[in-house]
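An overview of the molecular structure
The primary structure of each chain is shown beneath.
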Amino acid sequence: MANTDAIVGWKTITFGCHVMEPGNSVNFRTGDWRSQRPVLDKEKCIKCGMCWIFCPDMAYTQTEEGYFEADMEYCKGCGICAHECPKDAIEMVTEEG
Amino acid sequence: MAKRVGIEVSIAIAEAAKLARSEVIPAYPITPQTHIVEHLSEFVASGELDAEFIPVESEHAAMSCCCGSSAAGARTFTSSSSQGLSLMSEILYIPSTMRLPIVMVVANRALSAPISIWNDHQDIMVQRDIGWIQTFAENGQEAFDLTLHAFRVAEDRRVSLPMIVNIDGFTLSHVIEPIEILSQEEVDGYLPPFKPRYKLDPKKPITMGPVGIPEVYTEAKMAHSEAIKASKRVIIKAWQEFADMFGRQYNPVETYRCEDADVMLVTMGSISETAMTAVDKMREAGQQVGLVRIRLWRPFPSQEFRRAAGKAKVLAVIDRCLPPGAVCGPVGAELRSLFYKVPGSPKIFSFVAGLGGRDVTVERFEEIVDKARAYAKKRPRELFEVIGVREK
Amino acid sequence: MIPEFEKFKGFKAKSIPKDEPLASGHRACQGCGEVLALRMVMKALGRDVIVCSATGCMEIISSPYPHTAWRVPWIHIAFENAAAVASGVESARKVLKRKGKIPKRHVDIMAVGGDGATGDIGLQWISGAFERGHDFLYVCLDNEAYMNTGVQRSGCTPYGAMTTTSPPGKKSFGQVTWKKNIPAIAVAHNIPYVATASPAYFLDLMNKVKKAALVKGPAYVHIYSPCPTGWGSAGERSIEFAKLAVETRVFPLYEVIEGRYIMSRKITKPKPVTEYLKGQKRFRHLDEGHIDYIQKRVDVEYEKLLRLAELT
Ligand SMILES: Cc1ncc(C[n+]2csc(CCOP(=O)(O)OP(=O)(O)O)c2C)c(N)n1
Ligand code: SF4
Ligand code: SF4
Ligand code: SF4
Ligand SMILES: [Mg+2]
């Protein structure tokens, strides 16, 4: 699959082929890889943050209420968060379609 | 003010790297380059030069350190030779496409086997396509001057490419010559401080050396290739300024007694001095012989070479490198393709001489010219010929 | 003792930095324990760092042009030489600071590579950099094989493990050698700080990385990094294996501070190694004899380590 973002000419390619924009991988959505998604049961959650610290894709952020929410743009559905949650508050649910 | 001193060429090169205010010098010993870095380490130890001398554990590490140091924004110098240069090989291709302006002096030496510490050009010809700017020095003064010129060109923001100055091992590196050593003030006037276009800096983080996916690899290489082609103008301009400031003029290609010459010898490096003596001798005997010397090897100065040698009937090209199984030596091949199907262009004959420290004497040059004349009349069986080899 | 450690209070569960110097959108496999370990390393280091990366999974997944997951300055030159590149960066900054060309502010320099980059092809470059005493930390992310090129064995591949170049067959049972002890090689260089870590114990990992950055001179951290793709393990179990490796004494956690061994976590009631081995396809073919050998050898190695901790 061609990466359209990388279609630059030799005159417009960045100097030395450096990437000048730090952390621009956020423009690459890895959520498409997912076949299951984590679903949180707030009733069970104790807001310990284990899901956050153990996510290999930095998908989780903490909401104002203190819960941790995974960003489906990046979550690859690995299931670590559900597996490591001490309260079994996360369930992995198969993605539709 | 500049002062003229009798000095070993290696020490003069170390002086040049010191006067250039080199900041990081990763180096590993190998004959015949060692004197250069030994002297630099002394300058650092004595406080004459404020730099970091890194006594690395191999040449591969030396070049790797150079990449890190140049990317972090320091003026970076190293020197190597032969087996050491070959050990660096994997890394050499990297700073050029990444546009890191490292300066390296290569004391040219043969490659094993059999192991030989003596001079020829096999070590650098293996590295022909690393994408560095490359010059060849003929004598000690030139070695000193070209080293300063290398910093000036490599670090020019329009160029930003690494650069090699080739000097012949022993025949140049270890001889004592009268050399005019420029003063610090003079060098500072010629060489501005290094201001990299990009560097590793937490205040402005960039990613250097990403994965070149197929969509971009060709463009990255093309950008590099065009950059080195475009560097020729800066190279020539920096030589012009050098001439204006210090009175010594350098050109990409030099000619010696080429006016009306039908046969021209083509050389690179220090054997050109003997070649000139040979030309004088042949001229005295009434032969129309001249010499063309290539100083700038990469980017190859095509126009300049055509202008210098295009009128010759015969070019006798001397390669200091034997490429087993090839059609001819690398310089010969370069010139054959340069003149391919150009109407009225000279016939080109390729000779291999001066391998592993074998002297190329005046008589050998005469032999080469004679053979080239004969081949112009009757095509030789072989496309290149090894000169001065014992047939038994 | 190491003066730089005195002021460092250590990370606490509540004080883990929220900042992610390594960004989302990287291309690591689902459940990759190596990128998770790298994420923790970067959290501990923050943004004032220059990273010199070896070729390998982490380099590939974080930098396919025109994307980068790096929010800190990062350079990749080749496979074996990250320690030498870091040496160059460190030396450059030293002289540039001295000459007043860059601010005097301290910036950490990290070289990072996989087990192959570190323990096999890159040993010489690391040895050179350690011996010369550059002020940098080297982090090895050990997933116990050459994963980036398709799971070939390395010197760090454990005994019995199946890889594409240590396949079990009629005449072989997989990897025939015991795991090379890279931390011991680092210790032999008399560098001030060496540690092992596992992402299952994230605070311990982050504290060790921070200490390695704080200490003056070279430091080495060897991090166990589960690789579901190469091990044939479930992605969701990466942290579980990272924990089991410690609890079975397969991968002991310790520090070596100025030559003194300190156990980070004494495993007094170890789980049997079988608990660790099962669930990973790379060990599936092993018979009781092999497992018995592994158990015995793990016990012996652990005893050796305890004795070192007593002696030093
Ligand atoms: C000199 C050289 N040899 C071989 C390779 C091919 N190569 C690239 S990455 C790699 C394996 C990396 O293994 P490791 O260091 O353990 O990192 P991992 O991918 O497992 O994280 C190999 C063999 C290379 N790039 N350069
Ligand atoms: S790990 Fe479980 S309990 Fe802890 S914050 Fe996440 S969902 Fe809540
Ligand atoms: S499933 Fe995996 S990727 Fe998705 S949020 Fe959980 S840990 Fe992160
Ligand atoms: S192969 Fe293994 S180490 Fe590499 S990205 Fe995939 S899971 Fe991570
Ligand atoms: Mg590995």
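Residues numbered from 1 in each chain as written. Chains lettered and ligands numbered in written order. Predicted model: local features only at pLDDT ≥ 70, side-chain atom pairs only at ≥ 80, totals over all residues. Heavy atoms only, no water.

Axis angle and axis distance: for two packed helices, these are the angle between their axes and the distance between the axes, and together they describe the pair. All names here are of chain B. In the contact formed by helix H1 (residues 9–19) and helix H6 (residues 140–155), the axes pass within 9 Å of each other and the chain directions differ by 25°. The pairing of H1 with H6 is recorded here as roughly parallel in orientation. Read as a crossing pair, H1 and H6 show a hand that is right-handed. Residues Val9, Ala12, Ile13, Glu15, Ala16, Ala17 and Leu19 of H1 touch H6, and the partners they reach there are Gly140, Ala143, Phe144, Thr147, Leu148 and Phe151. When its residues are assigned to classes, the contact of H1 with H6 shows ten nonpolar, two polar and one charged. (Axes fitted to C-alpha atoms, helices over the stretch in contact; angles between N-to-C directions. Helix = DSSP H or I, 4+ residues; strand = E, 2+ residues; numbered from the N terminus. Parallel < 35°, antiparallel > 145°, perpendicular 65-115°, else oblique. Left-handed = near helix turned anticlockwise from the far one by under 90°. Contact = heavy atoms within 4.5 Å. Nonpolar A, V, L, I, M, F, W, Y, C, P; charged D, E, K, R; others polar.)

Let us now look at the coordination of the magnesium ion (ligand 5). Residues and elements named next belong to chain C. At this site the magnesium ion (ligand 5) is bound by Asp115 (OD), Asn143 (OD1) and Ala145 (O), with donor distances of 2.0 to 2.1 Å. The motif formed by the donor residues of the magnesium ion (ligand 5), counted along the single chain, is D-x27-N-x1-A. A residue pair is termed long-range when its members are at least 10 positions apart, and Asp115 in helix H5 (residues 115–120) and Ala145 in the loop between strand S4 (137–142) and strand S5 (168–169) qualify at 30 residues. Each member of the pair, Asp115 together with Ala145, is buried. (Donors = N, O, S within 2.8 Å, 3.2 Å for Na, K, Ca; no water. Buried < 20%, exposed > 50% of the residue type's maximum accessible area, 1.4 Å probe, protein only.)

Time to look at helix H12 (residues 362–377) of chain B. Residue and element names in this part refer to chain B. The end-to-end C-alpha distance of H12, which contains 16 residues, comes to 23 Å, matching closely the 22 Å that a straight helix rising 1.5 Å per residue would cover. If you check which residues of H12 are buried, you get Val362, Phe365, Glu366, Ile368, Val369, Ala372 and Tyr375. The inward-facing, buried residues of H12 abut strand S11 (263–267), helix H9 (271–284), strand S12 (289–294), strand S14 (314–319), strand S15 (347–352) and strand S16 (384–386). (Expected span 1.5 Å × (residues − 1).)

If you look at the interface, chain B gives 40 residues, while chain C gives 43 residues. Across the interface of chain B and chain C, roughly 3,200 Å² is buried in total on both sides, 61% from carbon and sulfur atoms. Where chain B packs against chain C, one counts six salt bridges. Glu23(B) is the salt-bridge partner of Lys99(C), the closest N and O atoms lying 3.2 Å from each other. Elements supplying a minimum of two residues to the side of chain B that touches chain C: strand S3 (52–55), helix H3 (59–71), helix H4 (82–97) and strand S9 (207–208) of chain B. Top contributing element to the side of chain B that touches chain C by residue count: H3(B), with eight residues. For the side of chain B that touches chain C, the residue count by class is 23 nonpolar, eight polar and nine charged. Note: S9(B) against strand S2 (residues 74–76) of chain C, two bridges, orientation parallel. (Buried area = accessible area lost by both parts, 1.4 Å probe. Salt bridge = Lys/Arg side-chain N within 4 Å of Asp/Glu carboxyl O. Pairing = 2+ DSSP bridges.)

Residue and element names in this part refer to chain B. Once the domains are mapped, chain B shows domain 1 (3–246) and domain 2 (253–386). Centre-to-centre separation of domain 1 and domain 2, based on C-alpha positions: 28 Å. Across the boundary between the two partners, domain 1 contributes 30 residues, which contact 26 residues of domain 2. Roughly 2,200 Å² is buried in total at the junction of domain 1 and domain 2, and carbon and sulfur atoms are behind 55% of that figure. At the surface where domain 1 touches domain 2, the tally comes to five salt bridges. Linking Arg293 and Glu142 is a salt bridge whose minimum nitrogen-to-oxygen distance equals 3.2 Å. (Domains from an automatic or database assignment.)

With that out of the way, let us pick up the environment of Trp297(B). Residues and elements named next belong to chain B. Summarising the element assignment, Trp297 is placed in strand S13 (residues 296–298). Looking at Trp297, the relative accessible area reads 0%, which means it is buried. Along the primary structure Trp297 and Lys203 are separated by 94 residues, whereas in three dimensions their C-alpha atoms are 39 Å apart. Every residue in contact with Trp297, bar those within four places of it in the chain, is listed here: Met125, Arg128, Gln134, Phe136, Met268, Pro330, Val331 and Glu334.

What follows is about the side chain of His18(A). By the element assignment, His18(A) lies in the segment before strand S1 (36–40). Here His18(A) falls in the buried class, since its relative accessible area comes to 1%. Sequence-distant contacts of His18(A), that is, excluding residues within four places in its chain, are made with Met98(B), Tyr198(B), Ile206(B), Thr207(B), Met208(B) and Tyr65(C).

Quick look at the site of ligand 3 now. The local shell around ligand 3 consists of Cys55(A), Pro56(A), Asp57(A), Tyr60(A), Ala70(A), Cys75(A), Lys76(A), Gly77(A), Cys78(A), Gly79(A), Cys81(A) and Met92(A). In terms of residue class, the shell around ligand 3 is made up of eight nonpolar, two polar and two charged. (Near = heavy atom within 4 Å.)

This paragraph deals with the nonpolar core. In this structure, Phe305(B), Leu315(B), Met42(C), Met110(C) and Ile223(C) are the most contacted members of the largest nonpolar core, which totals 184 residues. Counting residues domain by domain, this core receives three or more from each of domain 1 (3–246) and domain 2 (253–386) of chain B. One finds Ile13(B), Ala14(B), Ala143(B) and Leu191(B) within the second-largest nonpolar core, a separate group that totals 54 residues. (Core = buried A, V, L, I, M, F, W, Y, C linked by side-chain atoms within 4.5 Å.)

The next point concerns the site of ligand 1. Lining the immediate environment of ligand 1, one finds 18 residues, of which Cys57(C), Asp115(C), Gly116(C), Ala117(C) and Met147(C) sit closest. Chains contributing residues to the immediate surroundings of ligand 1 are chains B and C. A distance of 2.9 Å separates an oxygen atom of ligand 1 from a polar side-chain atom of Asp115(C). Calculation on ligand 1 without its partners gives an accessible area of 590 Å², and the protein chains cover 78% of this total. A per-class count over the shell around ligand 1 returns seven nonpolar, seven polar and four charged. (Polar contact = N/O pair within 3.5 Å; in protein donor to acceptor, adjacent residues only side chain to side chain. Areas by Shrake-Rupley, 256 points an atom, 1.4 Å probe, with all protein chains shown as cover.)

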